[in-house]
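Next come the chains, spelled out residue by residue.
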Amino acid sequence: MLKSFLMFLFMWESTACLVCEKISGSLKQIDAGNGQVYGVNDAGGIYTWNVNQWVQVPGGLTHVTVGPAGVWGVNSQNFIYRLVAGSWVQISGLLKQIDAGGPQFVSGANMNDDIYCLNKNAAITVRDGSGLPWINIPGKLKYYASGSQGSWGVNSNDDIYFRTDVVTDSCVGTQWQQIDGKLSMIEVSTDGSVYGVNSAGELYRRDGISCNSPTGTIWTKVEIPGNKLVKHVSYDLGIVWLIETDGSILKCNL
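The following refers to the structure shown. Along each chain, residue indices are assigned from 1 in the same order as the chain's sequence is written. Residue-level local features of this predicted model are given only where pLDDT is at least 70; pairs of side-chain atoms are given and counted only at 80 or more, and the full residue set underlies all totals for whole chains, interfaces and linings. Excluded from the side-chain calculations are hydrogens and water; all other atoms, namely the structure's heavy atoms, are used.

1. Focus on the state of the cysteines
In plain terms, the rule: Disulfides are defined as cysteine sulfur pairs within 2.5 Å. We count a stretch as a helix when DSSP gives it H or I for four or more residues in a row; a strand needs E for two or more, and each element gets its number in order from the N terminus. Note on exposure labels: buried denotes an accessible area under 20% of the residue type's maximum, exposed denotes more than 50%, and partly exposed covers the range between, all computed with a 1.4 Å probe on protein chains only.
For the coordinates displayed, the defined rule picks out 2 disulfides. Between Cys117 and Cys171 runs a disulfide, and the two sulfur atoms are separated by 2.1 Å. Between Cys117 and Cys171 the disulfide shows an S-S torsion of about 75 degrees. By sign, it is right-handed. Of the two residues, Cys117 is situated in strand β13 (residues 114-118) and Cys171 in the loop between β17 (159-163) and β18 (176-182); the sequence distance between them amounts to 54 residues. Take Cys117: its relative accessible area is 0%, and that puts it in the buried class.

2. A closer look at the sheet that holds β13
Applied cut-off: Note: two strands are recorded as paired if DSSP finds a minimum of 2 bridges between them. Axis angles are defined between N-to-C directions and span 0 to 180 degrees, where every axis is a line fitted to C-alpha atoms and, for a helix, only to the segment in contact.
Taken in spatial order, the 4 strands of this open sheet run β11-β12-β13-β14, and their pairing is antiparallel. What marks the edges here is a single partner per strand, and that holds for β11 (97-99) and β14 (135-140). Each strand axis lies, on average, 20 degrees off the axis of its neighbour in the sheet, ignoring direction. Examined bridge by bridge, β11 and strand β12 (residues 106-109) share 3 bridges and lie antiparallel to one another. Directly across from Gln97, in β12, lies its bridge partner Ala109.

3. Here we look at the nonpolar core
So the rule is basically this: Definition of nonpolar core: a set of buried residues of the types Ala, Val, Leu, Ile, Met, Phe, Trp, Tyr and Cys, connected through side-chain atoms within 4.5 Å.
Within the largest apolar cluster, 27 residues are counted, with the highest numbers of intra-cluster contacts made by Trp152, Ile186, Leu203, Trp219, Val240 and Leu242. With 15 residues, the next largest nonpolar core counts Ala69, Val74, Ile98 and Leu132 among its residues.

4. Some details on the pairing of strand β21 (residues 203-207)
Within β21, 5 of the 5 residues are buried, which leaves the element mostly enclosed by the surrounding structure. Here β21 shows no split at all, with Leu203, Arg205 and Asp207 on one side and Tyr204 and Arg206 on the other all buried. Note that strand β20 (residues 194-197) and β21 share 4 bridges and pair antiparallel. If you follow Gly196 over to β21, its bridge partner there is Tyr204.

Encoded structure:
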């Protein structure tokens, strides 16, 4: 019994430290992928990080994502948009949260926590608002994100789940595997790294992820200088992007 208890504690007590700089601006959500960074603020303004400064992108969104499938977003009415040749094109369907981090497919959750995905062929070729073959994935999640090593999500109870057998041409997968821990949001990078934030504003990283172990082995608590609390995280190319609870933006390295 004692051995099991100590093993459980270790799963959550491993720590890492970040080196961070505060950058200008205020955002409520951020997403990094394919060497690009996009974010939205409380007013719905859209911004992209370019040559060490934020550049505003025309339009209004509540959630934005960038990855192998391009740049996508949703607005306050849950309408879905894709950035095509510099302009936002409305896409069929309704989502409150969207993710383009999978291997050229798109996924997300709607206002009822229903989960949907769009396979590669449809996601990368869409150019207009015509009907698209969104696939309903069984289950309920408030946040769903994908990367090269798999898809992860959290539900309304902050329980964490991994979707097995998700591949480029079959984004629906086969079954859910519950993962230890609690997170209020979770993000998966293009390279498969997994980060999340819990309801207390603490940052965690899933370690031990590989082709042979896609769910990893341990949650590592990542210490933020000044014990700052955060509400959103994204990761790409060795940089951890954080949104503090007051909207301040941190650019961090491990």
